[in-house]
Structure formats: structure tokens, C-alpha cells
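Fold and contact review
Now for the letters of each chain:
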Amino acid sequence: MAATVSIRLDDAAQAMLETEAKVRRLGLSVAIRELATEAAREARRRRVREGSAKVARHIAENPEAAEFMEFWTTPRIEGL
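What this report covers is the structure whose coordinates are included nearby. (Residues numbered from 1 in each chain as written. Predicted model: local features only at pLDDT ≥ 70, side-chain atom pairs only at ≥ 80, totals over all residues. Heavy atoms only, no water.)

**With respect to the overall build of the protein chain**
Of the regular secondary structure elements, the protein chain holds three helices and zero strands. Ordering the α and β elements of the protein chain from the N terminus gives α-α-α. For a compact globule of 80 residues, the expected C-alpha radius of gyration is about 12 Å, and the protein chain comes in at 23 Å, more than 25% above that figure. Dimensions of the protein chain along its principal axes, counting C-alpha atoms only, are 65 × 30 × 25 Å. (Helix = DSSP H or I, 4+ residues; strand = E, 2+ residues; numbered from the N terminus. Rg over C-alpha atoms; globule rule 2.2 N^0.38 Å.)

If you want it as C-alpha cells, here you go:
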């Protein structure tokens, strides 16, 4: 379910958003909603990338973690 959000913008931010809305041929509220959604998705992607980098650093710095990853990511042939 969508939630209503109320925001207060300074004149410069409002002017920039109105310009962006016109470029996108959207109303101001729809343009702000799209921009906020895009920003939220990018923030999530950034957090996932940062988490992945943290795991990779741990594996690179910890021999036990590297051995675990090697074991669990090496394909195995049944019966051998």
C-alpha cells in the first residue's frame, strides 16, 4: 500500500524538480515519486555492493574463509 509523504522544498529545489518534471512530461508529484523510487533502488544496490565487497575482503584476508569458499564453490562430480 502506498503511503502519502509530505515534504517541504526550498525554491531552488522546487524549480529544479519542476524542470525535471517538464523534461519527463510528468506532473511534479509523479516526477518526484519516480525520482525517489530511482534513488531508493540505487541506495539498495549500493548497500548490496558494499556488503558483497565486505564479504570479498573477509575471504581475501581470512584463510579459513577462503578455504570454505573454495570447498563450497567447487563443482563436484557425483560418485567421485
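Structure shown, so let's carry the discussion forward.
**Concerning unusual backbone geometry**
Although it is not a glycine, Arg 25 adopts a positive phi angle of roughly 55°. Within the secondary structure, Arg 25 sits in the loop between α1 (11-24) and α2 (28-61). Taking the relative accessible area as the measure of exposure, Arg 25 reaches 79% and is therefore exposed. (Buried < 20%, exposed > 50% of the residue type's maximum accessible area, 1.4 Å probe, protein only.)

**Considerations on a nonpolar patch on the surface**
A cluster of nonpolar side chains, Phe 68, Met 69, Phe 71 and Trp 72, forms an exposed patch at the surface whose accessible area comes to about 470 Å². Tracing the backbone shows Met 69 in helix α3 (residues 63-73). What makes Met 69 partly exposed here is its relative accessible area of 31%. (Patch = residues over 30% accessible without salt bridge, like charges linked within 9 Å, V, L, I, M, F, W, Y side chains within 5 Å. Areas by Shrake-Rupley, 256 points an atom, 1.4 Å probe, with all protein chains shown as cover. Salt bridge = Lys/Arg side-chain N within 4 Å of Asp/Glu carboxyl O.)

**Some points on the packing of aromatic side chains**
Counted by the stated rule, this structure contains two aromatic pairs. When the ring of Phe 68 is compared with that of Trp 72, the centres are 6.2 Å apart and the planes differ by 45°; the resulting orientation is tilted. With Phe 68 and Trp 72 both in helix α3, this residue pair falls four residues apart, about one helical turn. For Trp 72, a relative accessible area of 59% puts it in the exposed group. Plain terms: the ring middles of Phe 71 and Trp 72 are 5.2 Å apart, the flat faces sit at 90° to each other, and that makes the pair edge-to-face. Among the aromatic residues, those joined into a ring-pair cluster are Phe 68, Phe 71 and Trp 72. Just above the ring of Phe 71 sits the side chain of Arg 76; from NZ or CZ to the centre is 4.2 Å. (Phe/Tyr/Trp six-rings, centres within 6.5 Å; stacked < 30°, edge-to-face > 60°. Lys NZ or Arg CZ within 6 Å of the ring centre and 35° of its normal.)

**Remarks on the packing of α2 against α3**
Between α2 and α3, the shortest axis-to-axis distance is 5 Å and the interhelical angle comes to 105°. By the angle between their directions, the pair α2 and α3 is classed as roughly perpendicular. Judged by residue contacts, His 58, Ile 59 and Glu 61 of α2 engage Pro 63, Ala 65, Ala 66 and Met 69 from α3. (Axes fitted to C-alpha atoms, helices over the stretch in contact; angles between N-to-C directions. Parallel < 35°, antiparallel > 145°, perpendicular 65-115°, else oblique. Contact = heavy atoms within 4.5 Å.)

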